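One letter stands for each residue in the lines below.
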Amino acid sequence: MPELNRRHLRRAPAVAAALVLLAVPGAAAVGRDTAPEAPPLALADPQEVPGLELVERTAEHGGVRTSHTYPVVEGAPGFGTEVRTAMAEAHTAFLRERDGEEPAELVQRSEPLAASGEVLGVRIAREASAGDGGPRTEGESLWFDGASGAVLPWTGLLRGPDAVEALDAEVARVLRERGGLEPGELPEGLESDGSADPLEEGPQGGAGDAPEVRPGDAWNLSTELDGSPLGDLAFDTAGGLVVTVAGQRVAVPAGAAGGLLSEFGERARAAALSRAPLDLGEADGPARADLDCDRVPCVALTFDDGPSEHTGRLLDMLEGYSARATFYMLGSLVGESPELAARITEEGHEVGGHSWRHDDLTGMSASAVADDTVRTAEAIEEASGQWPHTMRPPYGSFNATTERSVGAPIVIWDVDTLDWKVRDAEKVADTAVEQTRPGSIVLMHDIHGSTVDAVPDILSRLHDEGYHFVTVSQLFSDLDMKKGGIYKRRE
């Protein structure tokens, strides 16, 4: 059984069976009162959140299926990036740690916990299964504070280490009393022996009475507690704190929870209970959720000289892995196949310029290079609806004049499959896979049928190694790509 990621689900075998005793109808919260009427988890309806889109990505081959749904939110691009990257980390770990050839599946979902005012919260719910074993579940919550623009982990809800320790003790106590677990049977990551006194009920208080916690301190504490089962932290509809452990919920009633919450935690609780709309202010640019390619292995597959008769088949292959690629197209060709150019951008891929007729730009004057580049870009935009943000000079040939005149970042490659020369699908695939490293840009040509024949093998093998297929712009999404700058890979 592969783990969901390196941090979670390393539990004693007795825990899974014992926790069944904690189950209540409707997955209600478990606390000192275990009646079925216990409040359910507070959730927002994503269809009622303005500016929120849930994007689904799925890949399935060889008996392995992975899927994830991440949020793209206007006004909170960093939040979408954090959620998507956290999912990508679990995805990569799941594939790399898969043991054996049995069927396996990893499903990751985004469940909005709060979407009101300046606060947004999402629970990442994960379920993994392999072979004949039953599914294993975990979750974590991530938060966005629109007032500061900060993305926060679960620890941002709490006042600090003392509050974490108190919550840890309460969860351990409930598991012992309601589930009959001994200290050695508690989920890994709980530090308490469960013998602490119950948390005291008290007034709920408010954000003004709670201390502020700096985002950096919250992230440092989250890193220090990496693997803690407390990370699946949310609120119930009565304002209590809820920790989901092994698929069961342990609740801290609202009065006791108030003594644990930070200033942001109080605002997050209010947002979770509110029906007021989400308001993150004016969005700076289009809604997006990038991958952090410093944290997960990314590769940019690029295809030159098209579009061609083989491009449609290639697009079908890429879609099977929810893979995104970059197409460096000739201006003289895009007008012949505008429907292919449009399909490329409609399906989330990127287009780039590759000159008008594949001439060596180093033999041109500055004005000729500029004219060729603009003419090509205009043709690509007319056909695809997207202005090419990067360009690739034919033959990878450039000089100082090229750099000054193209008016766009120049993208070369660090993996050359030599597909134009070998015309052998197996050799092309082997070269692409064996030479790819995290951050690589792979050169191929979609005008060759043998190259397109190699793509399923490339996708399958790199996917099994935990790679994520991104466009060139996505590979460098956190960097300011300079006009005339040379980019061969993400270092």
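Residues numbered from 1 in each chain as written. Predicted model: local features only at pLDDT ≥ 70, side-chain atom pairs only at ≥ 80, totals over all residues. Heavy atoms only, no water.

1. Things to note about the side chain of Thr451
Thought 1: Among the secondary structure elements, Thr451 is positioned in helix 14 (residues 449-464).
Thought 2: Residue Thr451 is classed as buried on the basis of its relative accessible area of 0%.
Thought 3: Apart from the residues within four sequence positions on either side, Thr451 is in contact with Asp419, Met444 and His445. (Helix = DSSP H or I, 4+ residues; strand = E, 2+ residues; numbered from the N terminus. Buried < 20%, exposed > 50% of the residue type's maximum accessible area, 1.4 Å probe, protein only. Contact = heavy atoms within 4.5 Å.)

2. Observations concerning the confidence of the model for the protein
Thought 1: With 88% of its residues at a pLDDT of 70 or more, the protein shows a mean pLDDT of 88.
Thought 2: Every residue in residues 1-36 scores below 50 in pLDDT, and together they form 98 contacts with partners more than four places removed in sequence or on other chains. (pLDDT = per-residue confidence, 0-100.)

3. Section: the state of the cysteines
Thought 1: Under the defined criterion, the tally for this structure stands at one disulfide.
Thought 2: Two residues share a disulfide in this structure: Cys293 and Cys298, whose sulfurs sit 2.2 Å from each other. On the sign convention where negative is left-handed, the bridge of Cys293 and Cys298, at about -90° about the S-S bond, is left-handed. One exposure class covers both Cys293 and Cys298, and it is buried. (Disulfide = S-S within 2.5 Å.)

4. Regarding the packing of helix 7 (residues 311-319) against helix 9 (residues 338-346)
Thought 1: Orientation of helix 7 relative to helix 9, taken along the N-to-C sense of each, is 15°, at an axis distance of 10 Å. Judged by the inter-axis angle, helix 7 sits roughly parallel to helix 9. Handedness of the crossing formed by helix 7 with helix 9: left-handed. For the pair helix 7 and helix 9, the contacting residues are Thr311, Gly312, Leu315 and Asp316 in the first and Leu340, Arg343 and Ile344 in the second.
Thought 2: Broken down by class, the residue content of the contact of helix 7 with helix 9 amounts to three nonpolar, two polar and two charged. (Axes fitted to C-alpha atoms, helices over the stretch in contact; angles between N-to-C directions. Parallel < 35°, antiparallel > 145°, perpendicular 65-115°, else oblique. Left-handed = near helix turned anticlockwise from the far one by under 90°. Nonpolar A, V, L, I, M, F, W, Y, C, P; charged D, E, K, R; others polar.)

5. Things to note about the nonpolar core
Thought 1: Of all hydrophobic cores here, the largest spans 42 residues; its most connected members are Trp143, Leu158, Leu167, Val171 and Leu241.
Thought 2: Mapped onto this core, the elements with two or more residues apiece are strand 3 (104-116), helix 3 (161-179), helix 4 (215-224), strand 7 (233-235), strand 8 (241-245), strand 9 (248-252), helix 5 (254-257) and helix 6 (263-273).
Thought 3: With residues near it in sequence (within four places) discarded, Val171 still touches Leu190, Leu230, Val243, Val245 and Val250.
Thought 4: In terms of nonpolar packing, the next biggest core, distinct from the first, is built from 36 residues, Val299, Leu301, Met444 and Leu462 among them. (Core = buried A, V, L, I, M, F, W, Y, C linked by side-chain atoms within 4.5 Å.)

6. Concerning the packing of aromatic side chains
Thought 1: Counted according to the given criterion, the structure contains five aromatic pairs.
Thought 2: Here the aromatic rings of Phe79 and Phe144 are separated by 6.2 Å at their centres, their planes lie at 55°, and the arrangement is tilted. Here Phe79 is found in helix 2 (residues 77-96), whereas its partner Phe144 is found in strand 5 (residues 136-145), with 65 residues between them in sequence. For the pair Phe79 and Phe144, a shared accessibility class is recorded, and that class is buried.
Thought 3: Each residue in the set Trp143, Phe235 and Phe264 is aromatic and connected to the rest through ring pairs, giving one cluster. (Phe/Tyr/Trp six-rings, centres within 6.5 Å; stacked < 30°, edge-to-face > 60°.)

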